[in-house]
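# Structural description and commentary
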Amino acid sequence: MQQFILSIDAGTTSSRAIIFDQLGRQVAMAQHEFTQYFPEKAWVEHDAMEIWETQLKAIHQVMAQSNVKAEEIAAVGITNQRETTVIWDRVTGRPVHKAIVWQDRRTADRCTELTKNGHDQIFLGKTGLVLDAYFSGTKVQWILDSDPEIRRRAQAGELAFGTIDTWLIWQLTGGQTHATDVTNASRTLMYNIHELSWDSELLDLLNVPESLLPKVCASSEIVGHTSSAILGAEIPIAGIAGDQQAALFGQLCLTPGSVKNTYGTGCFCIMNTGQTAVVSKNRMLTTIAWKIGDEVTYAIEGSVFTAGALIQWLRDQLQMIGQAPEIEALAQTESDSDGVTFIPALSGLGAPYWDPHATGTLMGITRGTSKGHIARAALEAIALRSRDIIMEMQKDAGVSFKSLKVDGGASNNDLLMQIQADLLNAEVIRPKETETTALGAAFLAGLAVGVWSSTQALENMWQIDKTFSPVPSDQTQRIIEHWHERIRKILS
Ligand code: ADP
């Protein structure tokens, strides 16, 4: 009986493997960290071979732990850190350079140059992305330009490019399959998200030969099979999605207006916009959410730079708490924030304000202000920044959002989730399975091979841990009014 799905979760700091059963329950998980290289200021690299080796170790370990045999695995799903760029030799399968990680800023000047030459609107129009070093395109160009021999071999068709999904598929299939999916392609600055093809005009601007690029597949289809020499059986690789898109799917945000927000160091918010590629007025990103069959679903994506990091600051700099979760009990010592507003601009303010020079500010302090009020204002700040983003997305997309699905470390904070529900005047839903990224990849893979017959089958087994319903109050309105008034005062 093939009743399990192997989900490969290739993150930025670790390689993880999770086995899910046909009820979408986690059976076992294994994880191995890999090295982060910082060769120069603002450069970040990974060793792609180490990513593959740690990933394979995690896969073998999770199979051993769970006692699941390769023959019992119906499909493999892959989700990955996005944008990170690998180029390798098609014959030896060895990388020609270290992988350049999404965080790496080495191509910022190249992006500025392309913008100065008036190309930013072409990239935005075709890819939905702002021209930034974050994405793969200028990283590919950088590697090709780093060595004339690499450039020559790329032109001769001897090399292959891939994001981490593509790299792992190449290795898992023993070099048989060079493929990616639409979600990963949509983060490269080279893929036209409207026409669904690599774009020759963009490739010319970046001086990247098309022979380097993988075939672009749907997010839920069989793209190849694992080599039996590697996993002990030929298992279909049937689901691929970048991490944020996989989480959106794993949260079953399947209809336009559904949103998921991940509360980690920062917040990552993504909204399903259905068949429309919505262009944001606030420099949020338009991206492909997934492609299933012939149907493409789009999404709009925004992030809050400082979320859990604000709690870390209270913990480490002010030593108001010993552990992050203690913030909840401290905030509970007061019934409200007593007019205190915490503007959490510890690394500037992103969408929709885009003020990189803004700094953090506490306003409304009186002789009566306590630690509890400040703790509460900090939780409100995280929820208010998320609200800012969601409200703008809603405007951009012209859809009204109904409820918010949540995950990430700080989503375990019940008070924060209640505050979020109150401020949005909408339900906040926290799932039982918090590994939503890996679950999304498993769902996409399982759908492709018939473990689940439809998304309805997924809906039937998806389980809620807790729903937070909004409690309207004048106090909530006051918090929102203060927020708007006070944020205006600090913008430069
Ligand atoms: P990341 O993936 O970005 O490392 P996690 O999802 O592991 O983040 O969440 C950790 C972050 O969430 C930290 O910034 C921490 O301060 C914050 N955090 C963790 N638990 C809580 C909590 N109960 N309440 C508020 N913040 C929390």
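On a predicted model such as this, the values are computed, not experimentally measured, just so you know. Position labels on residues start from 1 in each chain and follow its written sequence. Predicted model: local features are reported for residues with pLDDT of at least 70 only, side-chain atom pairs are reported and counted for 80 or more only, and whole-chain, interface and lining totals are derived from all residues. Water and hydrogen atoms play no part in the side-chain values, which are based on all heavy atoms of the structure.

## Notes on the overall build of the protein
The secondary structure content of the protein amounts to 17 helices and 23 strands. Using C-alpha atoms as the atom set, the radius of gyration is obtained and then compared with a globule rule of 2.2 Å times the number of residues to the power 0.38. Taking 23 Å as the expected radius of gyration for a compact globule of 492 residues, we find that the protein reaches 23 Å, a close match to that expectation. A principal-axis box enclosing the C-alpha atoms of the protein has dimensions of 70 × 55 × 40 Å. Evaluated residue by residue, the protein yields a buried proportion of 59% over its 492 residues. Contacts are residue-level and defined by heavy atoms, with any inter-residue pair within 4.5 Å sufficient. Across the protein, contacts joining residues at least 24 apart in sequence account for 72% of those joining residues at least 6 apart. For the protein, the accessible surface area stands at approximately 19,000 Å², while carbon and sulfur atoms represent 48% of it. Strands are runs of DSSP state E lasting at least 2 residues, helices are runs of H or I lasting at least 4, and numbering of each runs from the N terminus. Only protein chains enter the area calculation, which uses a 1.4 Å probe; residues under 20% of their type maximum are buried, those over 50% are exposed, and those in between are partly exposed. All accessible-area figures derive from a Shrake-Rupley calculation using a 1.4 Å probe, and residue coverage is judged against the displayed protein chains alone.

## Topic: the site of the ligand
Whether a residue is near a molecule or strand is decided by its heavy atoms; if any one of them lies within 4 Å of it, the residue is near. Near the ligand lie 14 residues; those nearest to it are Thr265, Gly308, Gln312, Gly409 and Asn413. At a separation of 3.0 Å, an oxygen atom of the ligand approaches a polar backbone atom of glycine 308. Between the ligand and glutamine 312, the relevant distance is 2.6 Å, taken from an oxygen atom to a side-chain nitrogen or oxygen of the residue. Surface burial for the ligand is 67%, taken as the share of its 580 Å² of free accessible area covered by protein chains. Lining residues are defined by having an atom within 4 Å of a point belonging to a cavity or pocket. Those points lie on a 1 Å grid over the protein atoms alone, cavities being sets where a 1.4 Å probe fits but cannot get out and pockets being open sets with protein on both sides within 12 Å along at least five of seven lines. For this analysis, a molecule is said to be in a pocket or cavity if more than half of its atoms are within 2 Å of the grid points defining it. A majority-of-atoms criterion places the ligand in the second largest pocket. Two N or O atoms count as a polar contact when they lie within 3.5 Å, although within protein this holds only if one can serve as hydrogen donor and the other as acceptor, and sequence-adjacent residues are included solely when both atoms are side-chain atoms.

## Points about unusual backbone geometry
A cis amide bond links alanine 351 with the next residue in sequence, proline 352, at an omega value of -5°. Secondary-structure assignment places proline 352 in the loop between strand E19 (341–343) and strand E20 (361–363). In this structure, asparagine 207 is a non-glycine residue whose phi angle is positive, near 55°. One can find asparagine 207 in the loop between helix H8 (200–206) and strand E12 (215–217). Since its relative accessible area comes to 39%, asparagine 207 is described here as partly exposed. Backbone geometry at leucine 252 places phi at a positive 55°, although glycine is not the residue there.

## Notes on the packing of aromatic side chains
Any pair of Phe, Tyr and Trp rings, taking the six-membered ring for Trp, is counted once the centres come within 6.5 Å. Such a pair is stacked with planes under 30 degrees apart, edge-to-face with planes over 60 apart, and tilted for the rest. For the structure shown, the criterion picks out 10 aromatic pairs. For the pair tryptophan 88 and tryptophan 170, a centre-to-centre distance of 5.6 Å together with 65° between the ring planes defines the contact as edge-to-face. A residue pair is termed long-range when its members are at least 10 positions apart, and tryptophan 88 in strand E6 (residues 86–89) and tryptophan 170 in helix H6 (residues 164–172) qualify at 82 residues. Tryptophan 170 gets classed as buried once you look at its relative accessible area, which sits at 7%. Ring geometry for phenylalanine 305 versus tryptophan 354: centroids 6.5 Å apart, planes at 65°, classification edge-to-face. On the criterion of sequence distance, the pair formed by phenylalanine 305 in the loop between strand E18 (295–304) and helix H11 (308–316) and tryptophan 354 in the loop between E19 and E20 is long-range, its members being 49 residues apart. Judged by relative accessible area, which is 40%, phenylalanine 305 ranks as partly exposed. Counting every residue linked through ring pairs, the aromatic cluster contains Trp88, Trp167 and Trp170.

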